[in-house]
Amino acid sequence: MEATVILPILKKKLAFLSGGKDRRSGLILTIPLCLEQTNMDELSVTLDYLLSIPSEKCKARGFTVIVDGRKSQWNVVKTVVLMLQNVVPAEVSLVCVVKPDEFWDKKVTHFCFWKEKDRLGFEVILVSANKLTRYIEPCQLTEDFGGSLSYDHMDWLNKRLVFEKFTKESTSLLDELALINNGSDKGNQQEKERSMDLNFLPSVDPETVLQTGHELLSELQQRRFNGSDAGVSWSPMDDELLAQPQVMKLLDSLREQYTRYQEVCRLRSKRTQLEEIQQKVMQVVNWLEGPGSEQLRTQWGIGDSIRASQALQQKHEEIESQHSEWFAVYVELNQQIAALLNAGDEEDLVELKALQQQLSDVCYRQASQLEFRQNLLQAALEFHGVAQDLSQQLDGLLGMLCVDVAPADGASIQQTLKLLEEKLKSVDLGLQGLREKGQGLLDQISNQASWAYGKDVTIENKENVDHIQGVMEDMQLRKQRCEDMVDVRRLKMLQMVQLFKCEEDAAQAVEWLSELLDALLKTHIRLGDDAQETKVLLEKHRKFVDVAQSTYDYGRQLLQATVVLCQSLRCTSRSSGDTLPRLNRVWKQFTITSEERVHRLEMAVAFHSNAEKILQEFPEQPEDINEMEQFDEIEAVGKSILDRLTVPVVYPDGTEQYFGSPSDMASSAEHIREKMKLVSLKKQQLRQPEATTPES
């Protein structure tokens, strides 16, 4: 009987073996009755199952049965005791009926178990729970009866289920393994060569059963060890109740049969593996030499553009993808063959090496063809990519050359010219790169041997070579045309740079001349304190005028150059309507101002020279009347200078400008007045003797 069949009944705990023992080392069987009516059939089934667990040796010692009637009625207790006569009459040596305190005293007189001892076959005693230790040691009693023995019914039931499952599975597995192993030993040669099918597989996993058995054995040994060490009796999962030696024996048998089974499987697997390898090798070889090679034979072109090359490359990737699946099979087969070679059965070595060599030769040859084709397409794609980039660069350069140049200033022309040179340099580098890529591609095509695809590829190669050379020649011609146009554009732009430079310099000359005019009006103010200083100022002014004349001449030359450049470039000079009138206007103003400055300095030189001559050399008494007239001339010149200092310079357009500020003019006038005072004083001194002579 298996526990799984009566599992619901066993869970009710109608009876149990706690693991405790009486003083004769007999097992203690406990029947805990409850308030509800006990099903005698279920109790009988439970007792039959429990009594089937101990060994015969253990049964020979007899059982002590504890009937716990504290929660039950007397007639139920009596029925249970009488039932023991039929279930376990020979094994029961003592029945202890645990009674409630002073509850059954009257009823007991009507039925005395001790009088029925001979008929029952065992002794029955009525005892209170606290006096049960007179017959059984406290350490062998569970906590329900005041003892210290620990018992978990569900834990015991779960482990019992594990034990029975292991026993059942291991016994069945041993029979299956023995059948497989014996059949392999007695089979003929034809059966040995037959591939192993599902009939050779056991119904359960041997590894799982062995693991379960080891865990069960470890649990039993651990429980027994711990129990013995603690001085406490072990539970009914020990070797007496669960047959620990039986578990060990089953494990030993399983290991032996499983080892033989593994060897049988290894031999059969090896034979099957060898047959599968032979079959797969031929599949790989036949496909690579058949459909695989045919796919490569149809692919020879390189395309005439990036899109065409990409399409061919995509097609080649599809071919490679199909080959990759077979190459993966090759790698797997090669590893399997290497493993079998390392295992090393003499009769298989020659055949395995031949298969390995044949497979490697075919796969390496096909892989080389795929790699060559992939490299060729990649080189073609790079060549067309460089050609497309160069074509775009040439288009951009041509577009730039076709647009008329209309920059705003010389700096923008310089920037445009620099950009033009950079684009031309980029085109040169692109053409050089195209030549390198094209030559590399031509070298690859020239190295393409006829064995690569199994046919003569001369015609196809000629088409590819003509296409590559045609692309390079076309790019060279386009680049040459652009270079010629760049030379023309460069000359024109350099002339425009020169034109703008002349215009800018002419405008700068006008600014310089304006600054000279401004400096003449604001800083060239002094007339000198004496004749010598005034002459120095006059000389400096002439040099200043020479600088202004040079600036004016430089501006006129620049403007004349712009006219010539504009005629060459067939454009209108902006200077003709703006800069030249400004230059002439400023120069006219400067000329008028300069003449006024020269006139004032010359008057000052004449004034100071005559005044100094009179003051230094004139005798105290004039010799004639003409000498006195010189005083009058000096005073007249001085007054003319003073009057001129107050008069502005008037330009042709009606505008007026003064030399310096009023304070500057006042300072210059003050020096003239002081000199005039000295001359006037000298004149008075000379007149006094004339006045005194008639009086005398």
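Since this is a predicted model, take the numbers as computed values, not measurements.

Peer 1: Summarise helix H16 (residues 531–569); cite the residues concerned and give the values.
Peer 2: Taking 1.5 Å per residue, 39 residues should reach 57 Å; H16 reaches 57 Å between its end C-alpha atoms and fits that length. Between the side-chain oxygen of the N-cap and the backbone nitrogen of Gln 532 there are 3.3 Å, and the N-cap of H16 in question is Asp 530.

Peer 1: Lay out the packing of helix H11 (residues 244–297) against helix H12 (residues 306–343) in plain terms, naming residues and giving numbers.
Peer 2: At a minimum axis distance of 10 Å, the contact between H11 and H12 shows a crossing angle of 155°. If you check the angle between H11 and H12, you find them roughly antiparallel. Read as a crossing pair, H11 and H12 show a hand that is left-handed. Here Lys 270, Gln 273, Ile 277, Lys 280, Val 281, Gln 283, Val 284, Trp 287, Leu 288, Gly 292, Gln 295 and Leu 296 of H11 come into contact with H12, specifically with His 316, Ile 319, Gln 322, His 323, Trp 326, Phe 327, Val 329, Leu 333, Gln 336, Ile 337 and Leu 340.

Peer 1: Could you give an account of the packing of aromatic side chains, naming the residues involved and the relevant values?
Peer 2: Under the counting rule described, the total for this entry stands at six aromatic pairs. For the pair Trp 287 and Trp 326, a centre-to-centre distance of 5.5 Å together with 15° between the ring planes defines the contact as stacked. Here Trp 287, found in helix H11, pairs with Trp 326, found in helix H12; they are 39 residues apart in sequence, far enough to count as distant. Its relative accessible area of 15% is what places Trp 287 among the buried residues. Assessed through its relative accessible area of 22%, Trp 326 is described here as partly exposed. Seen in terms of ring centroids, Phe 544 and Phe 590 are 5.8 Å apart; in terms of plane orientation they differ by 40°. Their pairing is tilted. With Phe 544 in helix H16 and Phe 590 in helix H17 (residues 579–617), this pair connects stretches of sequence that are 46 residues apart. By the burial criterion, Phe 544 is buried, and Phe 590 matches it.

Peer 1: So, empty space enclosed by the protein: which residues are in play, and what are the values?
Peer 2: Tallied over the full model, the rule gives one cavity of 30 Å³ or more. The volume enclosed by the largest cavity comes to roughly 40 Å³. As for the largest cavity, its lining consists of Ser 18, Ile 28, Thr 30, Ile 66, Gln 140, Leu 141, Thr 142 and Phe 145. Within the lining of the largest cavity, the residues separate by chemical class into four nonpolar, four polar and no charged.

Peer 1: Pulling in residues and values, what's your account of the nonpolar core?
Peer 2: Of all hydrophobic cores here, the largest spans 78 residues; its most connected members are Leu 441 and Phe 590. There are two domains that each give this core at least three residues, and those are domain 3 (301–488) and domain 4 (524–687). The residues touching Phe 590, leaving out its near neighbours within four places in the chain, are Leu 516, Leu 517, Leu 520, Phe 544, Val 545 and Ala 548. In this structure, Ile 9, Met 40, Cys 58 and Val 92 belong to the second largest nonpolar core, which totals 39 residues.

Reading guide: rules and limits
- All residue numbers refer to position in the chain's written sequence, counted from 1.
- In view of the model being predicted, local features appear only for residues whose pLDDT reaches at least 70, and side-chain atom pairs are presented and counted only at 80 or more, with totals across whole chains, interfaces and linings using the full set of residues.
- Side-chain calculation: all heavy atoms of the structure are included, whereas hydrogens and water are not.
- Secondary structure follows DSSP: runs of H or I at least 4 residues long count as helices, runs of E at least 2 residues long count as strands, and numbering of each begins at the N terminus.
- In this analysis, the expected span of each helix is defined as 1.5 Å times one less than the number of residues it contains.
- Definition of a polar contact: a pair of N or O atoms within 3.5 Å, with one able to donate and the other able to accept a hydrogen when the atoms are protein atoms, and with sequence-neighbouring residues admitted only if both atoms are side-chain atoms.
- Here an angle of 0 to 180 degrees is reported between the N-to-C directions of two axes, which are lines fitted to C-alpha atoms, with helices fitted over the stretch in contact.
- Our angle categories are set so that under 35 degrees counts as roughly parallel, over 145 as roughly antiparallel, 65 to 115 as roughly perpendicular, and the remainder as oblique.
- Note: crossing handedness is left-handed where the near helix turns anticlockwise from the far helix by less than a right angle, and right-handed where it turns clockwise.
- Any two residues whose heavy atoms approach within 4.5 Å at even a single point are treated as in contact.
- Any two of the Phe, Tyr and Trp rings considered here, Trp counted by its six-membered ring, make a pair once their centres fall within 6.5 Å; the pair's planes then place it as stacked at under 30 degrees, edge-to-face at over 60, or tilted in between.
- Between buried and exposed lies partly exposed: a residue is buried under 20% and exposed over 50% of the maximum accessible area for its type, with that area taken using a 1.4 Å probe on protein chains only.
- With a 1 Å grid laid over protein atoms only, a set of points is called a cavity when a 1.4 Å probe fits there but cannot get out and a pocket when it is open yet has protein on both sides within 12 Å along at least five of seven lines; lining residues have an atom within 4 Å of a point.
- Grid points are joined across faces, edges and corners, and a volume is the space filled by probe spheres set on the points.
- All amino acids are sorted into three groups, where Ala, Val, Leu, Ile, Met, Phe, Trp, Tyr, Cys and Pro are nonpolar, Asp, Glu, Lys and Arg are charged, and the leftover types, Gly among them, are polar.
- To define a nonpolar core, start from buried Ala, Val, Leu, Ile, Met, Phe, Trp, Tyr and Cys residues and group those joined through side-chain atoms within 4.5 Å.
- These domain limits were set by an automatic method or by a database of domain assignments.

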